[in-house]
Amino acid sequence: MADAHAEKIILALENFQMPAYAEIPDVGLYLKQVVKYINGYLDPVLSESLTISMVSNYVKQKLIPNPVHKMYLRDQIAFLFYISISKCVLSLDEIRFLLQISQKKHTAEYAYELFRSQLEAALHHIVREGDPIPAAGSEDSEERILLRNTVITISHKIYMDQYFYYSQLIEKEREQSNTAK
């Protein structure tokens, strides 16, 4: 892969940052605003954007609570971040299972912050050799081990999607260059 494209992958993964839980709007956002807000964070690294119909489907399937007066609040938006990212490697039933485990033991804020910090660490680990992902310890709960493994899988999937995207881009550039000759 060309160095410029490899650098783009590294920059995308190093610069990826989800909002802290406290930064997620809690004033209530309409569906279109929620989709735009989440995609603003995730589009640089995910190959599939969140859509209005996806969110409606998640509500219908009870993955997230119904909006209140058509408005989505912080917890719902945090759940949507988790679902949007996790669905690149998990089915909706698997996501539902993991959400149920988490909701029994933790607040939405705690679960979101744990997911966010581990995902960012895993993505940064892929591009920085000296930044290891903490290993699961014997004191870790099954839930934390599942989260850690989910995050590692997601981070590798994101890397591979970025790699394939830039590989295809290079191939198109070569084809265009050969056609122009």
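The structure this text deals with has already been given above.
Now for a look at the structure at hand. Note that the structure is predicted; figures quoted are calculated from it, not measured. (Residues numbered from 1 in each chain as written. Predicted model: local features only at pLDDT ≥ 70, side-chain atom pairs only at ≥ 80, totals over all residues. Heavy atoms only, no water.)

**Structural notes on the overall build of the protein chain**
Logical step 1: Scanning the protein chain for helices and strands turns up 7 helices and 0 strands.
Logical step 2: The linear arrangement of helices and strands in the protein chain, starting from the amino end, is α-α-α-α-α-α-α.
Logical step 3: In the protein chain, which comprises 181 residues, the share counted as buried stands at 41%.
Logical step 4: Per element, the accessible surface of the protein chain, about 10500 Å² overall, is 53% carbon and sulfur. (Helix = DSSP H or I, 4+ residues; strand = E, 2+ residues; numbered from the N terminus. Buried < 20%, exposed > 50% of the residue type's maximum accessible area, 1.4 Å probe, protein only. Areas by Shrake-Rupley, 256 points an atom, 1.4 Å probe, with all protein chains shown as cover.)

**Side note on the packing of helix α2 (residues 31-42) against helix α3 (residues 52-60)**
Logical step 1: Axis separation between α2 and α3 bottoms out at 9 Å; the angle between their running directions is 110°. Taken together, the axes of α2 and α3 lie roughly perpendicular to each other. Contacts between α2 and α3 involve L31, K32 and V35 on the former and, on the latter, I52, V55 and S56.
Logical step 2: A class-by-class count of the residues in the contact of α2 with α3 yields 4 nonpolar, 1 polar and 1 charged. (Axes fitted to C-alpha atoms, helices over the stretch in contact; angles between N-to-C directions. Parallel < 35°, antiparallel > 145°, perpendicular 65-115°, else oblique. Contact = heavy atoms within 4.5 Å. Nonpolar A, V, L, I, M, F, W, Y, C, P; charged D, E, K, R; others polar.)

**Quick look at the layout of surface pockets**
Logical step 1: Roughly 260 Å³ of internal volume is contained in the largest pocket.
Logical step 2: What lines the largest pocket is a set of 17 residues, and nearest its centre among them are Y82, L98, L99, S102 and A111.
Logical step 3: At the level of secondary structure, the elements contributing two or more residues to the lining of the largest pocket comprise α4 (74-86), α5 (92-105), α6 (108-127) and α7 (142-180).
Logical step 4: Among the residues making up the lining of the largest pocket, the classes are represented as 12 nonpolar, 4 polar and 1 charged. (1 Å grid on protein atoms, 1.4 Å probe; cavity = no way out; pocket = protein on both sides within 12 Å on 5 of 7 lines; lining within 4 Å. Points joined across faces, edges and corners; volume = space filled by probe spheres on them.)

**Regarding the nonpolar core**
Logical step 1: Counting residues in hydrophobic clusters, the biggest one holds 49 residues, and the most contacted among them are I38, I64, I77, F81, F115 and L119.
Logical step 2: Here the element with the most residues in this core is α4; it accounts for 8 residues.
Logical step 3: Among residues more than four places away in sequence, those in contact with F115 are M18, Y82, I85, S86, L147, V151 and I154. (Core = buried A, V, L, I, M, F, W, Y, C linked by side-chain atoms within 4.5 Å.)

**A closer look at the packing of aromatic side chains**
Aromatic ring pairs are defined here through the distance separating the ring centres and the angle between the ring planes.
Logical step 1: In this structure the tally under the stated criterion is 9 aromatic pairs.
Logical step 2: Between Y37 and Y41 the ring centres are 5.3 Å apart and the planes differ by 70°, which places this aromatic pair in the edge-to-face class. Of the two residues, Y37 and Y41 both sit in helix α2, 4 residues apart, roughly one turn of that helix.
Logical step 3: Judged by centre distance (5.8 Å) and plane angle (75°), the rings of Y41 and F81 are edge-to-face. Of this pair, Y41 sits in helix α2 while F81 is found in helix α4, placing the two residues 40 residues apart along the sequence.
Logical step 4: A relative accessible area of 28% places Y41 in the partly exposed class.
Logical step 5: Here the aromatic residues Y21, Y37, Y41, F81 and Y112 are joined through ring pairs into a cluster of three or more.
Logical step 6: Positioned above the aromatic ring of Y21, the side-chain terminus of R74 is 5.4 Å from the ring centre. (Phe/Tyr/Trp six-rings, centres within 6.5 Å; stacked < 30°, edge-to-face > 60°. Lys NZ or Arg CZ within 6 Å of the ring centre and 35° of its normal.)

**Points about a nonpolar patch on the surface**
Logical step 1: On the surface, a cluster of nonpolar side chains totalling about 260 Å² of accessible area is made up of M160, Y163 and F164.
Logical step 2: Among the secondary structure elements, F164 is positioned in helix α7. (Patch = residues over 30% accessible without salt bridge, like charges linked within 9 Å, V, L, I, M, F, W, Y side chains within 5 Å. Salt bridge = Lys/Arg side-chain N within 4 Å of Asp/Glu carboxyl O.)

**Concerning the environment of A12**
Logical step 1: Relative to the elements of secondary structure, A12 occurs in helix α1 (residues 3-15).
Logical step 2: Overall, the relative accessible area of 17% leaves A12 in the buried class.
Logical step 3: Through-space distance from the C-alpha of A12 to that of Q162 is 8.8 Å; in sequence the pair is 150 residues apart.

Worth remembering: the numbers are spatial, not functional.
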